[in-house]
Every structure is written in structure tokens, then in C-alpha cells.
Amino acid sequence: MNSKTADTETRLRFAPSPTGYLHIGSARTAFFNWLYAKKTGGKFILRIEDTDIKRHQEDTISTILDSLKWLEIGWDEGPDVGGDYGPYRQSERLGIYKDYAQKLLEEKKAYRCFCSQEQLREKREEALKINEFYKYDRRCFNLTENEISAKIKSGDKFSIRILIPQNKIISFNDNVYGYIKINSSNVDDFIILRSSGMPTYNFSAAVDDYLMKITHVIRGEDHLYNTPKQLIIYDALGFDYPDFTHLPMILAADGQKLSKRHGSISIESYREEGFLPEAVLNYIALLGWSYDEKTTIFSIDEMTEKFDLKSINKKASRFDYEKLLYLNGYYIRELDENRLEEILIHEITEKNENLRDKSDFLREKLGKIIPVTKKRVRTISDYEKAVLPFFNPVSYSDNTKKYFAKKDFDAKMLLEKSIKSLENLDDSSFTTENIENKLRTISANLGLEFKKVAEVIRIAIWGKPVSPPLFETIEILGSRTTLLRLKNYLDLISQA
RNA sequence: GCCCUCGUCGUCUAGCGGCCUAGGACACAGCCCUUUCACGGCUGCAACAGGGAUUCGAAUUCCCUCGAGGGUACCA
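For every chain, the first residue of the written sequence is number 1, and numbering continues from 1 along that sequence. Chains and ligands are labelled by the order in which they are written, letters from A for the one and numbers from 1 for the other. Residue-level local features of this predicted model are given only where pLDDT is at least 70; pairs of side-chain atoms are given and counted only at 80 or more, and the full residue set underlies all totals for whole chains, interfaces and linings. Excluded from the side-chain calculations are hydrogens and water; all other atoms, namely the structure's heavy atoms, are used.

So, about the overall build of chain A. Strands here mean DSSP runs of E at least two residues long; helices mean DSSP runs of H or I at least four residues long; both are numbered from the N terminus. Of the regular secondary structure elements, chain A holds 20 helices and 11 strands. Radius of gyration here uses only the C-alpha atoms, and the compact-globule reference equals 2.2 Å multiplied by the residue count raised to the power 0.38. In terms of C-alpha radius of gyration, chain A reaches 32 Å, well past the compact-globule figure of 23 Å for 496 residues. C-alpha atoms of chain A, sized along the principal axes, occupy 110 × 60 × 45 Å. When contacts within chain A are restricted to residue pairs at least 6 apart in sequence, long-range pairs at least 24 apart make up 77% of them. Using a 1.4 Å probe, accessible areas were evaluated by the Shrake-Rupley method; residue-level cover was limited to the displayed protein chains. Summed over its atoms, the accessible surface of chain A is roughly 25200 Å², and 48% of this surface lies on carbon and sulfur atoms. Taking the average location of the 75 positive side-chain charges in chain A and that of its 76 negative ones, the two points are 4 Å from each other. Whether two residues are in contact is decided by their heavy atoms, any of which lying within 4.5 Å being enough. Positive charges come from Lys and Arg, negative ones from Asp and Glu, while His and the chain ends are left out of the count. By convention, the charge on Lys lies at NZ, on Arg at CZ, on Asp at CG and on Glu at CD.

What follows is the structure, encoded as C-alpha cells:
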């Protein structure tokens, strides 16, 4: 019974190569794997595919891991936490690949290739020039045993190539793209083990997915036609196939491919820009997946419950920053206010040295500020900027100074009356309600639209024509600060 | 070049032979709410890539064209 449970447990993996940041596309791949593992009560495994020494950048591993952690995509097995099927870094599994390559060699399912990389490149370029399909010519496959031993003896470097069966239909059923078949004659005897002893992707991925008992492979569509190659490896080694799901590509907003140089925005940068992980995840999930004809907002739990491999679509999608912003705004509004407070304190103290050791003061004010401001921002960075005038003195731009010069009402007089009126309120009666009464009374007595009074006060206390709700803002600012700002602004426009 | 895949509003998508005068969301426009900006509510704008074929009937099936993307490496 126990062993049966173990056998049917789903195991999914995310296998990044450490060549850059975690970006939108790979984050979505990681998330879908994670979601499906959660949904099915299985395991999510992290494997580092670091078999290309030339492109490898060690420091990107921690960046990728940090981004995953920030998104709260946690793994059950991986290079840092270990597990029963490790090691989880391909560079530490070289012996394994070598043994399997050796096995294939002995069974004549693979052969040594002594061709130099230069020779091969020339041949390929030549074939391309005359518009011919390039395939390795199997020159080394036709070497006699004697020739081979002689070359080995003289120390010639060699790689190992898989011997592709000829004219065989390789097929599999993809959860998204359906029945995929390819004639093996269209595939090259690709190298499985480089002359350096490092495996190539299609070989190491197949071997590891098998050894790590991966049951479901979910990856980008760019791997769709790598799959038959891996299937050839599976067949040669007598492995069973896992279940395959290929995800449509995510393109940049202009429809071009996402790349490091073009629109590939790292998860790290979204974090810095003030996006919430739940918003990023919700957005990412919608790229290629949908639940019904109406729902846009999904909590992690809902996604886990509703996610389904069969409802992923085939069409490549474009990245839409506006929609991400919308979702982020939504999640900010919905966020628990205590958590929002912590996030904001962190953001504010990080960006404002003068407020660094005032977190008690910030906390007290933020408790009042958050309810009146959170509907007005779409990122945490915007939020920090929007809230700063509560803490730092306002400065008035030239335009702001001249703001009322040409208006048909007397801003100076309104300011004087407001100051006088608000001065009548002591600290304990300096409340939103009383402030509103006082200010509305001024406009009523003068028979003036209230919005004109509001406009003057807003510019004076906030330095901008847009602010959070006026009366609340004044209360939060407090009597002293409010009056100070009103007087400052009055002085300014009186000088003109 | 060769081997493949994909193609519904500007964008993300619903649709799986009649429920479609094609639904939702973002964006955009207008209105309402309102002290500004938002939030929220309402209304509007806006798509089946093109051409054939099958069928009583096609966004849905088939073929061709076009467009986009992938693979074609001792990259992953």
C-alpha cells in the first residue's frame, strides 16, 4: 500500500540554467510546475542545469532562488535542501551521465565522434549555404574498431553521439499541443556527451528526469521539438516516458521574443518596482491559462484548486504591463493593512535616510494613512512617493506658487480665513469631522463653491493639485504641521 | 533552406457544428458618485488573418495562402 502511494506520487521539477535572472517566462514555468505538484499533492523539485561552463554564472543561482522564494514558490527537493534523488546540480552528476553514455556505447546505441568542432562547423555552414538540411554525416560511425582504438590510443579527443534509429516515427501526447510526431530521419545524431565530459541538455535532462522519478514535465514550447530527442534517449535506455506539457511562449509587448536584451524583465525588477508576489503570480497564471469565461482574480488556493493542464492554450501571449499594474493595485487594496504597513515602513525607511530611525512614528501615522490612500496606488514604489508629504516638508514648484495668480477668487483671503478658523481647534478637536465643518463654513459664508476652498488648502498642505482626501489628510498631518504649511504657502503667494 | 507549431477585440482570454446580432478582464472614451486623484457603478468603442471546401448550418471540421513563433549547436 505504501509503495503504491509512493509510486503514484506526482513529482515535478523546475530546471533553470544559471545564465541570468529568473524572468517572466521561467517564473511561469516554475509556477505551473509548483501549482500542479500542489494540486496533486506531489513534490516540487528544483534542479540546476549547469552543464554549459561557458555560459554559467554562479552568482545567478542565488538570484534565481531568491526570486522563487520571494514568489513563495518553495521546493521539496533541491540543491540547498537536498533530497533522496540528489545531487540536484547537474555539474555534480557527471559520473552518472558518463555511465549511461558508456552503457549506450557498449550497446552500440551511441558512438564516439572524433570530428573537431571546427570541422563540424564548416560542414554545417556549407550545407546551409546550399540550402540543404544539415545532418551529421556519420563519418565516425563508420570507423572500424581498429581505427577507433588507434585514435583513442593517440589521445584524440572525442565526443559521444547518439545513434538515431532511421525512419522511425517518434511520437508522444502533449497535454497542450496534442499528438506530436516526428520522423527520426529528421533528427541528427546529436552529441550526448561533449569531449569535455559534460553532457548536453537533451541527454542530461532525460537521464535526470528519469532518475529523479519526474512524472510530469512542464516546460516552455521552445522545448517541444527537443522532446522527441529526449524520447530517443528514453527509448535507448529503456526508460518510461513522463507526461509532457508544453507551455506557449510569452512574448514582449511588441510581439517579439522575450530575451535578455528585449523586454525580458526579471522577477527581481518587479520586486524592486513595488509589485506584490501574489499579483505577479496571478498575472502570470493568466498568460496561457484560464479557468472560465469570467474570472480574472485568483488567490493561490483558488489557482491550486482550479489549475488544470488541459485548459492551457496554445497561443503565444504578449506581456501586458498595464494589466499587471491593475492586478497589483487590486492586491494592494485587498492586502491586510498590517502587512501593508510593514511593507511600507520597509520601503520608506529604505528610501529616506531621515526617516530611518523613526519607525514608531511611521507606524503610528501609517495606521491612519493606509485606509485613506490604498485605493490610489498601483505599486509599492508609487505608494512610498504618494505618502511622503505626510512625513517630509513639502516644497512648492514655481507653477505651484503661481497657481492661483489668475484665478477669479482670492486665494490669499481664503488661506487667511482657513488659518484663523483652524486655529480655533485644539489638538483634541482636530478631527476630520470638525475640520470639514470649519472649512465648509468658510465657503458657505462666502457663497463660494467648496471646491475652490479645497483647491487652495490642498495646494498649500500638499504642494500638489492632487492629494489624498483633504479632511483626513489634514487630521493626520495634525494641527501644527497643517497651520505651518498654510502659513508658508500664504507667505509665498503674498510675496508675489 | 529543411522539419514543425500557432493565428478570436489594441492586450490577456471564453468559445470545442446551431445557445454567437461572439462573452469577460485590462486599456481607451463618456456618464454617475465626489473637495482633487483614485476606488466603485453604468454605458460605449472594439475581434473570429485571407480564400476555398464540407454541411441545412462553421469562430468551431478540412485544404491553400499569408503572418507569427519554435527546432535545426560539443546552448538550455
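Still more to cover.
So, on to the packing of helix α4 (residues 94–106) against helix α7 (residues 201–211). The N-to-C vectors of α4 and α7 enclose an angle of 105 degrees; their axes lie 11 Å apart at closest approach. Put simply, α4 runs roughly perpendicular to α7. Every residue of α7 that contacts α4 at I96, Y97, Y100, A101 and L104 is listed here: F203, S204, V207, D208 and L211. Orientation is described by lines fitted to C-alpha atoms, with helices fitted over the stretch in contact, and by angles between N-to-C directions that extend from 0 to 180 degrees. Throughout, the term roughly parallel applies to angles under 35 degrees, roughly antiparallel to angles over 145, roughly perpendicular to angles from 65 to 115, and oblique to all others.

Below, the discussion takes up the pairing of strand β2 (residues 43–46). Taken together, the 4 bridges between strand β1 (residues 11–14) and β2 define a ladder with parallel strand orientation. Note on β2: the bridge partner recorded for F14 is L46. A right-handed crossover is one whose linking path, passing over the helix from the first strand to the second, runs clockwise when the strands point away from the viewer. For the crossover from β1 across helix α2 (residues 24–39) to β2, the handedness is right-handed. Two strands are counted as paired when DSSP detects at least two bridges linking them.

On to the nonpolar core, then. Membership of the largest hydrophobic core comes to 138 residues, with the highest contact counts inside it found for F31, F32, I192 and F203. Considering every element that reaches this core, the biggest residue donor is helix α20 (residues 470–495), with 10 residues. With near-sequence residues (within four places) excluded, F31 lies in contact with I73, L281, I284, A285, I300 and M303. Core analysis: the next-biggest nonpolar cluster, separate from the first, contains 11 residues, C113, A127, Y136 and L143 among them. Only buried Ala, Val, Leu, Ile, Met, Phe, Trp, Tyr and Cys residues count toward a nonpolar core, and they belong to the same one when joined by side-chain atoms within 4.5 Å. For every residue, the accessible area (1.4 Å probe, protein chains only) is compared with the maximum for its type, and the residue is labelled buried under 20%, exposed over 50%, or partly exposed between those bounds.

Quick look at the protein's contact with RNA strand B now. Proximity criterion: a residue is near a molecule or strand once any of its heavy atoms comes within 4 Å of it. Near RNA strand B there are 62 residues, and of these R194, Y225, K375, R376 and R458 occur at the shortest range. Each atom of RNA strand B within 4 Å of the protein was assigned to sugar, phosphate or base; sugar and phosphate come to 74%. Polar contact is defined as a pair of N or O atoms within 3.5 Å, subject to the rule that within protein one atom must be able to donate a hydrogen and the other to accept it, and that residues adjacent in sequence are counted only when both atoms are side-chain atoms. With respect to RNA strand B, the backbone of R318 contributes an N or O atom lying 2.9 Å from a phosphate oxygen. Elements with a contribution of two residues or more to the surface near RNA strand B: α5 (117–129), β11 (317–318), α12 (321–334), α19 (450–462) and α20. Gly falls in the polar group here, along with every residue not listed as nonpolar (Ala, Val, Leu, Ile, Met, Phe, Trp, Tyr, Cys, Pro) or charged (Asp, Glu, Lys, Arg). Of the residues in the surface near RNA strand B, the class split is 20 nonpolar, 16 polar and 26 charged.

For the rest of this paragraph, the subject is the side chain of S159. Position of S159 among the secondary structure elements: in strand β4 (residues 159–162). Among the residues examined, S159 registers a relative accessible area of 7% and is labelled buried. Residue contacts for S159: discarding those within four places in its chain leaves Y111, R112, C113, I191, L193, R194 and S195.

With that settled, the discussion passes to unusual backbone geometry. Between G86 and P87 the backbone carries a cis peptide bond, its omega angle lying at -5 degrees. Position of P87 relative to the elements: it lies in the loop between α3 (59–70) and α4. In this structure, N167 takes a positive phi of about 50 degrees despite not being glycine. Positionally, N167 belongs in the loop between β4 and β5 (169–174).

This paragraph deals with the sheet that holds strand β7 (residues 191–193). In space, the 3 strands of this open sheet follow the order β3-β4-β7, with antiparallel pairing throughout. Taken across any chain shown, the strands that pair with only one partner, and hence form the sheet edges, are β3 (110–113) and β7. Taking each pair of neighbouring strands and ignoring which way they run, the sheet shows an average axis angle of 45 degrees. Inspection of the sheet shows β3 paired to β4 by 4 bridges, in the antiparallel sense. In the sheet register, C113 faces β4, and the bridge partner there is S159. Sheet strands touched by α4: β3, β4 and β7. Its angle to β7, the strand with the most contacts, is close to 125 degrees.

When the parts of a complex come together, some accessible area is lost, and that lost area is often used as the size of the interface. A domain assignment, automatic or from a database, supplies the domain bounds used here. Domains assigned within chain A are domain 1 (11–92 + 200–251), domain 2 (94–98 + 107–193), domain 3 (260–333), domain 4 (337–390) and domain 5 (398–495). Computed from C-alpha coordinates alone, the two centres of domain 2 and domain 5 are separated by 79 Å.

Here R318 is to be found in strand β11. According to the relative accessible area criterion, R318 is partly exposed, its value standing at 49%. Beyond its immediate chain neighbours, meaning those up to four positions away, R318 contacts L251, A252, A253, D254, G255, Y283 and L287. In terms of polar contacts, R318 uses its side chain to reach the backbone carbonyl oxygen of A253, at 3.4 Å.

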